[in-house]
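Remarks on the overall topology
For reference, the chains in residue letters:
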Amino acid sequence: MKVLVLVSGGGTNLQAIIDGVQDGTIQNTEIVGVISNNYGVYSLERAEKAGIKNEVISPKDFPDRSSFNKAFLAKLNEYEPDLIVLAGFLVVIPEAVIDKYEGRIINIHPSLIPSFCGTGYYGLKVHQAALERGVKVSGATVHFVDAGTDTGPIILQKAVYVEEGDTPETLQRRIMEEAEWKILPEAINLIATGKVVYKSPADMRN
C-alpha cells in the first residue's frame, strides 16, 4: 500500500509512521512521499533522514485558494497514493480531493470525537477546551475524512486520563505519547492488511 503523509509541523506522528513501517508494525506499506504546507518544518527533515521524497506546497505561493486547490490535487495525483494520511495537517482539504480520494484519506485528531472537534478545534486549542470543560478523560481518534470537519467514520480511539495540574501543553504531550503515536500506525496497518474497509454513506444504506 502506497501511503502519502501530509504534515504542517514537527512531524512526531510522521515519525511514528516511519518507525512503524521500518519495524514491521505497519505491514505491506511504503511511504511514497511527505508533503507539507510550511517551509522549514522538522517533519521534512524527518522524511529526508528516512530517504522519503518530501516537498512543500503552500497556499501562500498561489494567488488564491482556487489555484492552490487545483495544484494541490495535481500534486497528490503525482504520487498515486492508496492512502493519504493527515498527520497534523492544518489546511482545509479541498472538496475535489475528498471526492477523488473518498475512503482513502485518514486523519488523527487529539480528542475523543465527537468531543472537542470540528471547525476551530486544532492543536493546543483542543486541549485548552478540554481542560476548561473539566473533563477527566481525553484522548485521540483516527477517522476517515469526509466532507465535514472531523465527521468521517471512526477507525480507532484511545483514552488518556487528564491529570491534576495539566496544562494544554502537558496534556497534548501525554496524548501524543500514549494515544496518537500508537493508534495512527495501528490504523494504517489495519487498512493495509484489509482488516478495516471504508464504507461510504451509500454503502451503509444498501
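Rules and cut-offs
- Residues numbered from 1 in each chain as written.
- Predicted model: local features only at pLDDT ≥ 70, side-chain atom pairs only at ≥ 80, totals over all residues.
- Heavy atoms only, no water.
- Core = buried A, V, L, I, M, F, W, Y, C linked by side-chain atoms within 4.5 Å.
- Buried < 20%, exposed > 50% of the residue type's maximum accessible area, 1.4 Å probe, protein only.
- Helix = DSSP H or I, 4+ residues; strand = E, 2+ residues; numbered from the N terminus.

1. Here we look at the nonpolar core
Ranked by size, the top nonpolar core spans 32 residues in total, and within it Val-5, Val-85, Ile-106, Leu-184 and Ile-188 carry the most contacts. Every element with two or more residues in this core is listed here: β1 (2–7), α1 (12–23), β2 (30–36), β4 (83–86), β5 (105–109), β6 (137–144), β7 (154–161) and α6 (168–192). Of the residues forming this core, the biggest block, 9 residues, is contributed by α6. Val-32, Leu-76, Tyr-79 and Ile-98 belong to the second largest nonpolar core, which has 20 residues in total.

2. Let's talk about unusual backbone geometry
The omega angle of the peptide bond from Ile-113 to Pro-114 is 15°, so this bond is cis rather than trans. Within the element layout of this structure, Pro-114 appears in the loop between β5 and α5 (124–133). Even without a glycine there, the phi angle at Asn-28 is positive, about 55°. Checked against the element boundaries, Asn-28 lands in the loop between α1 and β2. On the accessibility criterion, Asn-28 (53% relative accessible area) is exposed. Phi angles above zero are rare outside glycine, and Phe-116 is one such case at about 50°. Considering the arrangement of structural elements, one finds Phe-116 in the loop between β5 and α5.

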